[in-house]
Every structure is written in C-alpha cells, then in structure tokens.
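# Structural description and commentary
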Amino acid sequence: MTLTVAVLVSEGRHPVSGRVRRADCDARALELALCLPYTELLVIHAGAERSPALPSYLGMGPGEATVIPLKEGADPTAPLTELLTARRPD
C-alpha cells in the first residue's frame with residue numbers, strides 16, 4: 001500500500017542576513033517524509049513561483065514541487081484547500 005504524504009514548504013529567512021532560504025522546520029518535515037517507505041510525496045509551495053528557496057527543497061530529493069502562485073500577503077487557505085481536496089493525501 002502506498003501512502004500519499006503532503007508536505008507544505010515555505011520560505012525562511014537567514015537569521016543574520018535576512019536572505020530568503022528554505023525554512024528549517026519545513027526542510028526537516030520534508031526530510032522525514034523522504035525517509036518513509038512506500039510513499040508518494042506531494043511537496044507544495046504556496047507563494048512566489050520563482051522563490052529562491054525552491055531549488056534548495058528540490059535538491060533534497062523530491063522529484064517535483066507543486067507551486068500555488070500567490071501574491072505577497074495573499075491568504076493561501078482557499079487555494080491550499082482546493083489542491084488538498086483534489087489530491088486527497090493520506
């Protein structure tokens with residue numbers, strides 16, 4: 001049996017420089033999900049389509065990420081609900 005696991009990833013900020021990077025806790029969640037056997041991974045980013053954090057997440061090993069393009073400050077609740085309802089992860 002294969003489980004579909006959704007991991008929501010976001011942009012983090014370097015504590016000193018303030019530069020955009022992957023978020024530490026999101027990266028840990030992705031790392032844990034990548035270790036699960038018999039799992040289809042659904043990596044989701046709701047935000048900037050060309051976020052500088054995305055290549056770092058993809059470099060961790062998931063084949064792809066689904067990007068929900070949002071303008072800065074937009075509420076991601078409705079588009080995330082729509083995607084998760086359609087994909088129905090376990």
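The preceding data block contains the structure.
Residues numbered from 1 in each chain as written. Predicted model: local features only at pLDDT ≥ 70, side-chain atom pairs only at ≥ 80, totals over all residues. Heavy atoms only, no water.

### Some words on the pairing of strand β4 (residues 39-47)
Using the following cut-off: When DSSP finds at least two bridges between two strands, those strands are taken to pair. A run of DSSP states H or I qualifies as a helix once it reaches four residues; a run of E qualifies as a strand once it reaches two. Both are numbered from the N-terminal end.
Of the strand pairs in this sheet, strand β1 (residues 3-9) and β4 are connected by 7 bridges, and their pairing is parallel. Residue pairing across strands places Thr4 opposite Glu40, the latter belonging to β4. As defined by bridge partners, β4 adjoins strand β5 (residues 66-69) across 4 bridges and the pair is classed as parallel. Within β5, the residue paired with Ile44 across the bridge is Thr66.

### A word on the sheet that holds β4
Our working rule: Note on method: axes are straight lines fitted to C-alpha atoms, helices fitted across the in-contact stretch only, with angles between N-to-C directions ranging 0 to 180 degrees. By definition, residues are in contact when any of their heavy atoms lie within 4.5 Å.
Strands sit in the order β1-β4-β5 across an open sheet of 3 strands; the sheet is parallel. Since the sheet does not close on itself, it has two edges, and those belong to β1 and β5, each with one partner. Taking the axes of each pair of neighbouring strands and ignoring which way they run, one obtains an average angle of 25° across the sheet. Strands in contact with helix α1 (residues 24-34) are β1 and β4; relative to β1, the strand with the most contacts, it is inclined by about 165°.

### A word on the pattern of salt bridges
Note the cut-off: Salt-bridge detection follows one rule: a side-chain nitrogen of Lys or Arg within 4 Å of a carboxyl oxygen of Asp or Glu. Relative accessibility under 20% of the residue-type maximum defines a buried residue, over 50% an exposed one, and the middle range a partly exposed one, all with a 1.4 Å probe and only protein chains included.
Within the structure shown, the criterion is met by 2 salt bridges. Across the salt bridge formed by Arg87 and Glu40, the nearest N and O atoms sit 3.5 Å from each other. Linking Arg87 in helix α3 (residues 77-87) with Glu40 in strand β4, this pair joins segments that are 47 residues apart in sequence. Judged by its relative accessible area of 37%, Glu40 falls in the partly exposed class.

### Some words on the side chain of Asp26
Put simply, the test is: Note on charges: Lys and Arg go in the positive column, Asp and Glu in the negative column, and His and the chain ends are not counted at all. In protein, a polar contact requires one atom able to donate a hydrogen and another able to accept it; more generally it is a pair of N or O atoms within 3.5 Å, and residues adjacent in sequence count only if both atoms are side-chain atoms.
Along the chain, the position of Asp26 falls in helix α1. Nearest to the buried, unbridged Asp26 among oppositely charged side chains is Arg28, at 8.9 Å. A distance of 2.5 Å separates polar atoms of two side chains, one belonging to Asp26 and the other to Ser10. Not counting chain neighbours up to four residues away, the residues in contact with Asp26 comprise Val7, Leu8, Val9, Ser10 and Tyr57.

### Some words on the side chain of His45
With respect to the helices, strands and loops of the structure, His45 is situated in strand β4. Note on His45: relative accessible area 3%, which makes it buried. The contacts of His45, once residues within four sequence positions are left out, are Val9, Ser10, Glu11, Ser51, Leu54, Thr66, Val67 and Ile68.

### Here we look at the state of the cysteines
Applicable threshold: By disulfide we mean two sulfur atoms from cysteines, separated by a distance within 2.5 Å.
Using the criterion set out here, one finds 0 disulfides in the structure. Left unpaired, Cys25 is separated from the closest cysteine sulfur, that of Cys35, by 16 Å. Note on Cys25: relative accessible area 55%, which makes it exposed. Looking at Cys35, the relative accessible area reads 61%, which means it is exposed.

Purely spatial values, then, with no claim about function.
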